[in-house]
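Residue-level structure breakdown
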Amino acid sequence: MPSIKKIFFMYGVNGAGFLFALALIPIVTLSFGVEGYGAYSVYVILSSFLVFLDSTISRVFVAELLSDKWSECNVPKCIEGAYICIFLCLLLLLPFLVYLFGMVFPVVISSRDLTVVVLLAVFLEYIFSLPISYLQVLNVANKKHECYSIVQFFSNFSRFLFVAFGAAFLGDIFYVFVLIIVRKAIDIAFCFRYSRGVYKLGVPSFNVVFFRTSFSSFRPLVATVSLQVLLTEMFSIYLNKVYGTEIFGRYRLIYDLVNKIWFISTLYPVFVFPRLCELWREKTAGVKKLVEIYSPVVLISAYFYSFFCLTVFLLLSVLIYSKYLDVSLYYVFGVVFGVSVSAHNKLLFEFAQATGGAVKLFRATFVIVVFSGLLLYFFRGVWLVGFVWVASQFTLMLVLEWLIAKQLNVIFVVGINRYLLFSLLAALYVMVYFIHVFFYFSLIIICLTVILLLIIRQLRVVKYANLFKF
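Everything numeric in this text was worked out from a predicted model, so none of it was measured. (Residues numbered from 1 in each chain as written. Predicted model: local features only at pLDDT ≥ 70, side-chain atom pairs only at ≥ 80, totals over all residues. Heavy atoms only, no water.)

The next point concerns the overall build of the chain. Secondary structure summary: the chain contains 15 helices and two strands in total. In the chain, which comprises 470 residues, the share counted as buried stands at 54%. (Helix = DSSP H or I, 4+ residues; strand = E, 2+ residues; numbered from the N terminus. Buried < 20%, exposed > 50% of the residue type's maximum accessible area, 1.4 Å probe, protein only.)

Below is the structure:
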C-alpha cells in the first residue's frame, strides 16, 4: 500500500512529465506554426488513445497477477507471451491501421501530405513500447511504484528532448516524427536496466486458457475506453474535417493547455485500481469499505476540479477581454468546463471498472457518443464544441455515479454536494453571455472562495491520509 510520501513522490515525478508536454506546445508552435502544431496534435491524440488502451490492458494483467486463480501456471511468463502476441499482431496490422486512421486524421500542411509519417510514428512508437508496458505491469503488481514513476518520467523526458531538438535544429517537422520513433530504443534500454529486479529470465508461456480468459476480461474495458477517448477526441476530428488544420490547431492549443490537469488521474490505475479490485473481491467486508471510501474521495475530487475550472475561467476571461487571446469566450469556457468534468469522471471510471460495471458503462457511453456525434453532424459552429463538451461529460458523470451506486447497492441521489456544485459551474458557463463582465468576475471570485473553504472543511472532516488508504 503506497504511503503518503510515496504518493507525493509519484505525483511530483508525474507532474514533471506533464510540464515537459506543456513546454512542447510553445516550442512546436513557434518552430512550425499553428498548422505544424495541428500535425503534432494528431500524433498526441492517437498516442493518448493508445496510452489509454494500453493502460486498460495493463489493469487486467495486474489483476491477474494479484489473483490466486492461476496458481498452477507462471503468470508473469504468460503475460510476457501475451505481449509478444500483441506485438506480432500489431506489426502485421500496421499497414491497415495506417490506412484506416489516415482516412479519419489526414495531416496536410501547406499542401504537403504528412499523414503516413505521423501515423507510422504513432503506431511504431506504441509497438516498440510493449516491452516497457510489460515491465511496468510487473512494477505495479510488485508495488514498485517509484520505479514505475521514474520509467514514465524518463519516457516523457526523452520525448521532450528529442522533439525539442528536432524543432530547434532540424527545421522540418518530418524529422521530429522520425526522432520520436528512434528514441524508443533508449527508453527500452533504460526501462530494462531500471526494472531488472522484477524481470526473470526464462521462456515466455503461450497459455491459451490464460489468453482467452484475459481477452474476455479486457474486451469490454477496451471497448469502453475506446468510446471514452472518442468522446473527448470527436471534437478534434470534427474541427479538422470541417474547418481545416489551422482552426483545429488553435483548438488544440487551448485544449492541450487545459487537459494537463489530467496528470492527476494518470496514476489512478497504479495505486487506486488494484486496491479497489482487492476490496471488491472481498465481497461483503470489502464492499462496505468501498462504500465508506467512495463519497469522501469523490467529493474532494469534485471540489478540486471545480476550483481548477473556475481558476482557468478567471485567467482566460482576463486574457480574452484584454484582447491577448482572440477566441470565443463561450467556446473556450465550454472546453475548460468539459475537460474539468472529464478529469473528475476518470476517478469514477476506476470505481465503475473495479466493481464490474464495464458492460453497462459501455452501453451508456455508446449512447452518449452517438448523440454527441449527431449534434456535431447536424449543426455547425465552433461554439457547438464547447456546448457538446459540457453536455456529454455532465451526462457521463451522472451515468457513472448511477452505475457505481447500483453496483455498491447504495441510493443514488441527484442534487446534493458534487451535483449541485457542477450545476453551479454549468450555470456560470451559460451566464457568460447575459451579464456584465464585472459581475461575472465577481461571481467567479466568490465561487472560488466558497469552494476553497469547502475543500478546507472537507480535509478537516476526513483526515488527509484516509483519502489514500486505498
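Anyway, onward from the coordinates.
Our next topic: the packing of aromatic side chains. Counted under the stated rule, the structure contains 18 aromatic pairs. Ring geometry for Tyr 377 against Phe 378: centres 5.1 Å apart, planes inclined by 85°, an arrangement best described as edge-to-face. Residue classification places Tyr 377 among the exposed positions, given a relative accessible area of 59%. Residue class for Phe 378 comes out exposed when judged on its relative accessible area of 59%. (Phe/Tyr/Trp six-rings, centres within 6.5 Å; stacked < 30°, edge-to-face > 60°.)

Let us look at a nonpolar patch on the surface. Together, Phe 362, Phe 366, Val 367, Val 370, Leu 374, Tyr 377, Phe 378 and Phe 379 make up an exposed nonpolar region whose accessible area comes to about 830 Å². Mapping Phe 366 onto the fold places it in helix H12 (residues 358-378). (Patch = residues over 30% accessible without salt bridge, like charges linked within 9 Å, V, L, I, M, F, W, Y side chains within 5 Å. Areas by Shrake-Rupley, 256 points an atom, 1.4 Å probe, with all protein chains shown as cover. Salt bridge = Lys/Arg side-chain N within 4 Å of Asp/Glu carboxyl O.)

With their axes 5 Å apart at the nearest point, helix H5 (residues 173-182) and helix H6 (residues 184-194) run at an angle of 20° to one another. For the element pair H5 / H6, the angle class is roughly parallel. Touching Ile 180, Ile 181 and Val 182 of H5 are Lys 184, Ala 185 and Ile 186, all from H6. Of the residues assigned to the contact of H5 with H6, the class counts are five nonpolar, no polar and one charged. (Axes fitted to C-alpha atoms, helices over the stretch in contact; angles between N-to-C directions. Parallel < 35°, antiparallel > 145°, perpendicular 65-115°, else oblique. Contact = heavy atoms within 4.5 Å. Nonpolar A, V, L, I, M, F, W, Y, C, P; charged D, E, K, R; others polar.)

This next bit is on the pattern of salt bridges. For the coordinates displayed, the defined rule picks out five salt bridges. When the shortest N-O distance is used, the salt bridge between Glu 80 and Lys 77 registers 2.8 Å. Remark: Lys 77 and Glu 80 occur in helix H2 (residues 75-104); sequence separation between them is three residues, near one turn of the helix. The exposure classification of Glu 80 matches that of Lys 77, with both residues buried. With a closest N to O distance of 3.1 Å, Asp 187 and Lys 184 form a salt bridge. Here Lys 184 and Asp 187 lie together in helix H6, a separation of three residues that amounts to about one turn. Among the charged side chains, a salt-bridge network with shared partners connects Glu 125, Arg 159, Arg 183, Lys 184 and Asp 187.

You can see Pro 95 is positioned in helix H2. Accessibility expressed as a relative area gives 58% for Pro 95, which makes it exposed. Sequence separation between Pro 95 and Leu 119 is 24 residues; the distance between their C-alpha atoms is 9.9 Å.

Right, let's talk about the packing of helix H3 (residues 115-141) against H5 for a bit. Between H3 and H5, the shortest axis-to-axis distance is 9 Å and the interhelical angle comes to 10°. Considering their axes alone, H3 and H5 lie roughly parallel with respect to each other. Along its contact with H3, which presents Val 117, Val 118, Leu 120, Ala 121, Leu 124, Glu 125 and Phe 128, the element H5 presents Phe 174, Phe 177, Ile 180 and Ile 181. Within the contact of H3 with H5, the residues separate by chemical class into ten nonpolar, no polar and one charged.

This next bit is on H5. Ile 173, Val 176, Phe 177, Leu 179 and Ile 180 are the residues of H5 that are buried. Taken around the axis of H5, the buried residues stretch over an arc of 155°, which confines them to a single face. (Arc of directions from axis to C-beta.)

This next bit is on helix H13 (residues 383-408). The terminal C-alpha atoms of H13, which comprises 26 residues, lie 38 Å apart, in line with the 38 Å expected from a rise of 1.5 Å per residue. Note on H13: the residue one or two positions beyond its end, Asn 409, has a positive phi of about 60°. (Expected span 1.5 Å × (residues − 1).)

Along the chain, His 344 turns up in helix H11 (residues 329-354). One polar contact links His 344 to Ser 301, side chain to side chain, over a distance of 2.8 Å. (Polar contact = N/O pair within 3.5 Å; in protein donor to acceptor, adjacent residues only side chain to side chain.)

With that settled, consider the confidence of the model for the chain. Confidence in the prediction of the chain, expressed as mean pLDDT, is 77, and 85% of residues score 70 or more. Here residues 463-470 is a poorly scored stretch, pLDDT under 50, and it has 19 contacts once near neighbours within four places are set aside; other chains count. (pLDDT = per-residue confidence, 0-100.)

Turning our attention to the environment of Phe 165. Of note, Phe 165 is situated in helix H4 (residues 145-170). Note: C-alpha distance between Phe 165 and Ile 27 (138 residues apart in sequence) is 9.8 Å.

This part takes up the environment of Phe 169. Tracing the backbone through its elements, the reader meets Phe 169 in helix H4. Judged by relative accessible area, Phe 169 falls into the exposed class, the value being 63%. Through-space distance from the C-alpha of Phe 169 to that of Ser 31 is 9.6 Å; in sequence the pair is 138 residues apart.

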